[in-house]
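Chain by chain, the residues:
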Protein chains: 2
Amino acid sequence: MKKLLCGGTVINVFTDEMEKANVLIEDEKIIGVGQYTPDDADIVEDVTGKYICPGFIDGHIHIESTMLTPTELAKLCLPHGTTAIVADPHEIANVCGVKGIEYMLDASREIPMNVYFTLPSCVPATPFDESGAELYADDIKPLYDNPRVVGLAEMMNYPGVIFGDKSVWAKINDAINIGKTVDGHAPFLSGKALDKYVSAGISSDHECSDIEEALEKIRKGQKIMIRQGTAARNLVDLLPLFEEPYNHRCLLVTDDRHPADLMKEGHIDNIVRLAVKNGKSPITAIRMASIQAAEHFGIRYVGAVAPGYRADLLVLNDLDTVDIEDVYTNGEKVVSGKKTVEFSAPEINSDLQETVLNSFRLKELTLSDFHIEEKGEKCRVIEIVPGQLITKEKIEKINWNENNGIDTERDLLKLAVIERHKNTGHIGLGYINGIGMKSGAMASSVSHDSHNIIVIGTNDNDMMIAANHIRQFGGNVVVENGKIVAQMALPIGGLMTDLSGEEIAKANENVRNAVYNFGVPKEIEPFMNMAFVSLSVIPSIKMTAQGLVDVDKQERISLYCD
Amino acid sequence: MKKLLCGGTVINVFTDEMEKANVLIEDEKIIGVGQYTPDDADIVEDVTGKYICPGFIDGHIHIESTMLTPTELAKLCLPHGTTAIVADPHEIANVCGVKGIEYMLDASREIPMNVYFTLPSCVPATPFDESGAELYADDIKPLYDNPRVVGLAEMMNYPGVIFGDKSVWAKINDAINIGKTVDGHAPFLSGKALDKYVSAGISSDHECSDIEEALEKIRKGQKIMIRQGTAARNLVDLLPLFEEPYNHRCLLVTDDRHPADLMKEGHIDNIVRLAVKNGKSPITAIRMASIQAAEHFGIRYVGAVAPGYRADLLVLNDLDTVDIEDVYTNGEKVVSGKKTVEFSAPEINSDLQETVLNSFRLKELTLSDFHIEEKGEKCRVIEIVPGQLITKEKIEKINWNENNGIDTERDLLKLAVIERHKNTGHIGLGYINGIGMKSGAMASSVSHDSHNIIVIGTNDNDMMIAANHIRQFGGNVVVENGKIVAQMALPIGGLMTDLSGEEIAKANENVRNAVYNFGVPKEIEPFMNMAFVSLSVIPSIKMTAQGLVDVDKQERISLYCD
């Protein structure tokens, strides 16, 4: 079956030129760009006055952060021109191990958006984490056999790289020997330490937040993934990278992006649009959004409107605003007049399905599980910093006589992290300041990176009910006076749902608003802040299922400080 | 073992910048570029005032055309800054098949120049050829297992590609499926025919002789290999490709280069030098000569002076003249003060060695083998065109009464192509005009692409003696009055020798001069012109072991034309 796109202006990412040309597609491939006529094709699409450019590629995204299945994510991303993504299934791997990765591969088969994967390099993220799995080099190596697996994902363990940790190096060397890309993650690393890290073969970074950092990394041979996600938004600071000669060494990514932002602002199209708004060349931005991502991962014959390339392409009404009319992937029109053509999710292997749907392994919680022993006058309290993921340590005198030390007047709430993968019974308990909740409790199974159950509350009973709800349904929940006020189930690994993007965005809004109703100030993102309270790689004090961790010293510390 | 290159200015091919920086090498790898001190290293090299740039890569060369073994070629190329080549062993494959390719792989193991290979795609080159082997997709596929095999070599059979020849497509699809590069060879192909050819996945071309042809191919996604060899010299015509944005899609190659030119003018350094002389940026040219070749073939961590990259680098006294002082490959100093450090050839598998040293399989020739039957008044004669590889058809009346039709007055010499691979006894006989030889005979085992024995002479006896000499020793020979006047043995497949570059250049000069002494005008390159008289893909009339071929019609034709 041959299709002809007739009358358009083609963006050429090899020469940065525009040319009036017709595009001939046969099956999934572009087979001609030039003076073709309707006689050459079975189907003719008139795109007179419009632009044709390659589909956009997100070079680094965690699907789990969208809370959507690959299918529902595709429905959201396709109208924004995303024809391929490179996903790092780091979160589900922390919950379900290799089977979690296999689930993601299976759930993204044969959908109209092309989904590639890099393999999680750091599961668990830290030795303090109690995750659902520990992945060593030999565990992930067989997954490279899948042609959609294109690399090793963000190597966050830079001390492991620099100081020669054998397990870390084995993962890197496997990827290199198999000919796969090794992606990096090393915020602020520079100079000789960066040299050591890059020397291992780590060929990209998506954590640059200022231009000097980015330029140093480019000079040392790394590709820079310019990231514009939901929380981390680096585009404005990295705008000079859209200029020559740097643009040839950059690609565009979102990393973590919420469905509401995907719907409201867009995806990679949003980054291109913002770059153009800031005076950058649309053709350069499109090149960075397409062929350069493909080339970074060695994905051949993808990312350009040229003969032999996969027919992943966009029809734009306007170049500067990236106004997308139609989208083609694998030669099929999947967005027509801004509307995504319907498609269904692939059938998933029942064993994998069962694994991800049954990821909670812990006993029902009782009130006593939330009780903190009185062992001294003062405790270490985690202090939330509004608008940031870092936390501070605060020493507070605890009033043990009332409500087991919880004091909403002083904004001292109770915090619990409950191991939920191996039924160890481990529960880390403590106090948190800065959330501002006056009533009820909230709980979630999204708590980086191990995704144990995390709960913050004003009383033990609401916390218990909230945690037991998560144990059953996953997701986020808000409880007050023993009743569930709002909830969003995430049954797939406690991380994802098969609801649509619109539905999940609405549910997410609901649970958020419920917490705001408890007096939490709007500068706090309650569930996001809570989700990072357990990640012991971000300074300076965090809570795990085994208790508090001093991140700077990388050691466990006691709740009590006398 | 750590080495420090101290005080130099480093050429950065990622940013097109120059920066004063010290380069730290550990074993075969660069591990740091920056403020390192002698304390960081075991060996310190002072390169104050000099430039450090990545080693040069020839993206397409036939080693056999140099007549040298990989070892001797490396000795010639290293002082010119060539640290890696991508070789297409097309000629030896036509003689010895897969074993010929294996010999080349074996003979290029562990030498100080890094030798990669693309696999010959067209053996034999045409259906008229009687080569030593026919290579199908399944024959060459196992060779991709060798990590130094990076692609499928120049697909010359463009009709086969365009008209869907299954055997041709199988070779292309194997390479693509294994993730290897597919190189092209399609002079003058354009428009819809080019679209079809490129659509197969053929990602480069090295046959562009004018800028419009090159730009069309770049626009269609092909990389252009800018070629400056011995016969084909396209640099001047393709100079605009050194400009933005085209330079990002180009690399530098020599294709066929004689040792005398390598010694006198240089190799890839010569192309860089010529580009600079013509006003192009030396940094751009160096980038095209290094990282861009590596990236085209997916050879990671090669082609830049950056952490993690293989320490293949050059120390230059001057940038514009590309004056090379030292060369490092795999972290070892292999050229020091313009002198190549001594090294020996690798030990070669005895079975492979025996195969390539015993490639002549034909009976001793007798006088009657050279006799042309009198069958008519007029014959088709091949006419040589000075300075070109094409030939023309000429109809001449033959004087059968004297010297079996040979007539030096009218410059009608006898031509024989003698099958030498399978002892078939096939001998193609005819007449040739334009060589201008007045006495003796010359013969060679270099006759494209099947490398049968080719002989041109003024009498049958000298022709017989010349051909029998080649049958024993291979190479080129000149005979007069029954005596060998000059000879250059090429015992390895009849194509190569283990003599040094200097020795072979001198021997080559000798045989050439011996032919010039027979009255051949200097505008003729006698052995080169003769070598292409048998290649039935170049218009318009050629001689094979089964007789004349009309190249334009692609059919056998009779010697006699009445």
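Preceding this section is the structure that the text describes.
Residues numbered from 1 in each chain as written. Chains lettered and ligands numbered in written order. Predicted model: local features only at pLDDT ≥ 70, side-chain atom pairs only at ≥ 80, totals over all residues. Heavy atoms only, no water.

## Considerations on the relation of the copies chain B and chain A
When chain B is fitted to chain A, the best match, at an RMSD of 0.0 Å, comes from turning it 180° and sliding it 0.0 Å along the axis. Between the two chains, the operation in question is that of a two-fold axis. By C-alpha distance to the rotation axis, the residue of chain B lying nearest is Gly298(B), at 3.7 Å. Comparing interface residues between copies, 100% of those in chain B also lie at the interface in chain A; the contact surface is shared. (Least-squares fit on C-alpha atoms with pLDDT ≥ 70 in both. Contact = heavy atoms within 4.5 Å.)

## Some remarks on a negative patch on the surface
A contiguous patch of negative charge on the surface is contributed by Glu26(B), Asp27(B), Glu28(B), Asp42(B) and Glu332(B). Within the element layout of this structure, Asp27(B) appears in the loop between strand 4 (22–26) and strand 5 (29–34). (Patch = residues over 30% accessible without salt bridge, like charges linked within 9 Å, V, L, I, M, F, W, Y side chains within 5 Å. Areas by Shrake-Rupley, 256 points an atom, 1.4 Å probe, with all protein chains shown as cover. Salt bridge = Lys/Arg side-chain N within 4 Å of Asp/Glu carboxyl O. Lys, Arg positive; Asp, Glu negative; His and termini not counted. Charge placed at Lys NZ, Arg CZ, Asp CG, Glu CD. Helix = DSSP H or I, 4+ residues; strand = E, 2+ residues; numbered from the N terminus.)

## A look at helix 7 (residues 211–219) of chain B
Residues and elements named next belong to chain B. Of the positions making up helix 7, those classed as buried are Glu213, Ala214, Leu215, Lys217 and Ile218. Each element contacted by the buried residues of helix 7 is listed here: helix 6 (191–199), strand 13 (204–205), strand 14 (223–227) and strand 15 (250–253). You can read the cap of helix 7 off the contacts: a side-chain oxygen lies 2.9 Å from the backbone nitrogen of glutamate 212, and it is on aspartate 210. One or two positions beyond helix 7, positive phi appears at glycine 221, with a value near 100°. (Buried < 20%, exposed > 50% of the residue type's maximum accessible area, 1.4 Å probe, protein only. Polar contact = N/O pair within 3.5 Å; in protein donor to acceptor, adjacent residues only side chain to side chain.)

## A few points about the pattern of salt bridges
Following the criterion strictly, the structure yields 61 salt bridges over all chains and no others. With a shortest N-O distance of 4.0 Å, Arg109(A) and Glu110(A) are connected by a salt bridge. By relative accessible area, which is 25% here, Arg109(A) ends up partly exposed. Overall, the relative accessible area of 72% leaves Glu110(A) in the exposed class. Residue Glu207(B) is joined to Arg227(B) by a salt bridge in which the shortest nitrogen-to-oxygen separation is 2.9 Å. With Glu207(B) in the loop between strand 13 and helix 7 and Arg227(B) in strand 14, the pair connects residues that are 20 residues apart, well separated along the chain. Exposure class is identical for Glu207(B) and Arg227(B). Each is buried. Within the structure, one salt-bridge network assembled from shared partners comprises Arg233(A), Arg257(A), Asp261(A) and Glu265(A).

## Quick notes on the sheet that holds strand 1 (residues 2–6) of chain A
Residue and element names in this part refer to chain A. Spatially, the four strands line up as an open sheet ordered 5-4-1-6, and their pairing is mixed. Looking at which strands have only one partner, the edges of the open sheet turn out to be strand 5 (29–34) and strand 6 (43–46). The sheet shows a mean angle of 20° between the axes of neighbouring strands, taken without regard to direction. Taken together, the five bridges between strand 4 (residues 22–26) and strand 5 define a ladder with antiparallel strand orientation. In the strand pairing of strand 5, valine 23 is matched with valine 33. (Pairing = 2+ DSSP bridges. Axes fitted to C-alpha atoms, helices over the stretch in contact; angles between N-to-C directions.)

## Things to note about the side chain of Thr71(B)
Note on placement: Thr71(B) falls in helix 1 (residues 70–77). The contact partners of Thr71(B), leaving out residues within four places of it in the chain, are Ala107(B), Ile111(B), Phe343(B), Ser344(B), Ala345(B) and Pro346(B).

## Considering empty space enclosed by the protein
Residue and element names in this part refer to chain A. Counted according to the given criterion, the structure contains two cavities of 30 Å³ or more. What lines the largest cavity is a set of 13 residues, among which Asp129, Val417, Ser450, Asn452 and Thr544 lie closest to the centre. Looking at the lining of the largest cavity residue by residue, the class counts come to three nonpolar, seven polar and three charged. Partitioned by chemical class, the residues of the lining of the second largest cavity number three nonpolar, seven polar and two charged. (1 Å grid on protein atoms, 1.4 Å probe; cavity = no way out; pocket = protein on both sides within 12 Å on 5 of 7 lines; lining within 4 Å. Points joined across faces, edges and corners; volume = space filled by probe spheres on them. Nonpolar A, V, L, I, M, F, W, Y, C, P; charged D, E, K, R; others polar.)

## Points about the packing of helix 2 (residues 90–107) of chain B against helix 12 (residues 350–357) of chain B
Residue and element names in this part refer to chain B. Close contact between helix 2 and helix 12 brings their axes to 9 Å; oriented N to C, the two are set at 145°. As helix 2 packs across helix 12, the resulting crossing turns out to be left-handed. Between helix 2, through Ile92, Cys96, Lys99, Glu102, Tyr103 and Asp106, and helix 12, the contact on the second element is made entirely by Asp351, Leu352, Gln353, Thr355 and Val356. (Left-handed = near helix turned anticlockwise from the far one by under 90°.)

## As for the state of the cysteines
All names here are of chain B. Counted under the stated rule, the structure contains zero disulfides over all chains. Residue cysteine 561 stays outside any disulfide, its sulfur separated by 6.6 Å from that of cysteine 379, the closest cysteine. For cysteine 561, a relative accessible area of 25% puts it in the partly exposed group. (Disulfide = S-S within 2.5 Å.)

## Let's talk about the packing of aromatic side chains
What describes a pair of aromatic rings is the distance from one ring centre to the other and the angle between the planes of the rings. Summed over the entire model, instances satisfying the criterion amount to eight aromatic pairs over all chains. Residues Trp400(A) and Tyr560(A) carry aromatic rings whose centres are separated by 6.5 Å and whose planes lie at 35° to one another, so their mutual orientation is tilted. Remark: Tyr560(A) occurs in the segment after strand 30 (555–556) and Trp400(A) occurs in the loop between strand 21 (391–397) and strand 22 (412–418); sequence separation between them is 160 residues. Taking relative accessible area as the criterion, Tyr560(A) reaches 17% and is therefore assigned buried. Every member of this aromatic cluster is reached through a ring pair, and the members are Phe14(A), Tyr301(A) and Tyr309(A). The residue whose ring lies beneath Arg420(B) is Phe360(B), and the NZ or CZ to ring-centre distance is 4.0 Å. The ring centre of Tyr516(B) lies 5.0 Å from the NZ or CZ of Lys522(B), which sits over that ring. (Phe/Tyr/Trp six-rings, centres within 6.5 Å; stacked < 30°, edge-to-face > 60°. Lys NZ or Arg CZ within 6 Å of the ring centre and 35° of its normal.)

## Here we look at the interface of chain B and chain A
Facing the 42 residues of chain B at the interface are 42 residues of chain A. Summed over both sides, the interface between chain B and chain A buries roughly 3300 Å², with carbon and sulfur atoms accounting for 45% of that surface. Applying the counting rule to chain B against chain A returns six salt bridges. For Glu295(A), the salt bridge is made with Arg249(B), and the minimal N-O distance between the two is 3.1 Å. Here chain B and chain A share 24 residue pairs in polar contact (both at pLDDT 80 or more) between them. (Buried area = accessible area lost by both parts, 1.4 Å probe.)

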